[in-house]
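Geometric and topological summary
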Amino acid sequence: MPSMSIYPTQLALSPDQQLQITWSDGRRDALPVRLIRDQCPCATCREKRAAPPPPPTLLPVLSAAEAQPLRLLGMEPVGNYAYSLHFSDGHDTGIFTFEMLRQLAEEPNRPA
Ligand SMILES: [Zn+2]
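Described below are features of the structure shown in this document. (Residues numbered from 1 in each chain as written. Predicted model: local features only at pLDDT ≥ 70, side-chain atom pairs only at ≥ 80, totals over all residues. Heavy atoms only, no water.)

**A closer look at the pattern of salt bridges**
One pass over the structure, following the stated rule, counts five salt bridges. For the salt bridge of Arg27 with Asp29, the shortest nitrogen-to-oxygen distance reads 2.8 Å. Judged by relative accessible area, which is 30%, Arg27 ranks as partly exposed. For the salt bridge of Arg37 with Asp89, the shortest nitrogen-to-oxygen distance reads 2.7 Å. With Arg37 in helix H1 (residues 33-38) and Asp89 in the loop between strand E5 (82-87) and strand E6 (95-97), the pair connects residues that are 52 residues apart, well separated along the chain. One continuous salt-bridge network, built from bridges that share partners, spans Asp25, Arg102 and Glu106. (Salt bridge = Lys/Arg side-chain N within 4 Å of Asp/Glu carboxyl O. Buried < 20%, exposed > 50% of the residue type's maximum accessible area, 1.4 Å probe, protein only. Helix = DSSP H or I, 4+ residues; strand = E, 2+ residues; numbered from the N terminus.)

Spelled out as structure tokens, the structure:
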């Protein structure tokens, strides 16, 4: 079955910030919100991931937003093929297609 024809039939968010997706083919997945955020497909995040890592520092310096556990605040349908996700770090420009979420679920370590 081509993955394009698969769509979420049920969504839930667990207290530990795992997005639980039930798919039209019956499969159920739990995707950590952090994992989804790290794969954000928007231009800004793509550029960030492509950039070389910053030089090492002696102590990790986290902003207040980064120190808080990342939460998913909202999820709006975009057409009938994707969702717009609103994260607690203020980011809400990423459009996650059903296909992309499904690929993340099937291959959590797949590079972007
Ligand atoms: Zn992004």
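**Digging into the coordination of the zinc ion**
All of the protein donors around the zinc ion are Cys40 (SG), Cys42 (SG), Cys45 (SG) and His91 (NE2); their distances to the metal are 2.1 to 2.3 Å. Coordination at the zinc ion is tetrahedral: its four donor atoms span angles of 103 to 117° at the metal. (Donors = N, O, S within 2.8 Å, 3.2 Å for Na, K, Ca; no water. Tetrahedral: all angles 85-135°; square planar, octahedral: opposite > 155°, others 65-115°.)

**Digging into the sheet that holds E6**
Neighbouring strands of a sheet are bound in pairs by backbone hydrogen bonds; such pairs are parallel or else antiparallel. With antiparallel pairing, three strands are arranged side by side in an open sheet as E4-E5-E6. Across the chains shown, the open sheet's two edge strands, defined by having one partner strand only, are strand E4 (72-78) and E6. Neighbour to neighbour, the strand axes of the sheet diverge by 30° on average, direction disregarded. As paired strands, E5 and E6 are joined by three bridges and run antiparallel to one another. Bridge pairing links Tyr83 to Phe96 in E6. Where helix H4 (residues 98-106) meets the sheet, it contacts E4, E5 and E6, and its direction lies at approximately 70° from that of E6. (Pairing = 2+ DSSP bridges. Axes fitted to C-alpha atoms, helices over the stretch in contact; angles between N-to-C directions. Contact = heavy atoms within 4.5 Å.)

**Points about the nonpolar core**
Membership of the largest hydrophobic core comes to 23 residues, with the highest contact counts inside it found for Leu31, Ile36, Leu85, Phe87, Phe96 and Leu101. Looking at this core, the elements with two or more residues in it are strand E2 (18-23), H1, E4, E5 and H4. For this core, the element with the highest residue contribution is H4, accounting for five residues. (Core = buried A, V, L, I, M, F, W, Y, C linked by side-chain atoms within 4.5 Å.)

**Some points on unusual backbone geometry**
At Gln17, a residue that is not glycine, the phi angle is positive and equals roughly 60°. When you line up the elements, Gln17 lands in the loop between strand E1 (8-13) and E2. For Gln17, a relative accessible area of 16% puts it in the buried group.

**Structural notes on the pairing of E5**
E5 sits mainly inside the fold: five of its six residues count as buried. Note that E4 and E5 share six bridges and pair antiparallel. Bridged to Glu76 within E5 is Ser84. The turn joining E4 and E5, which pair antiparallel and follow one another in sequence, is formed by three residues; a positive phi near 55° is taken by Gly79.

Purely geometric stuff here, so don't read any function into it on its own.
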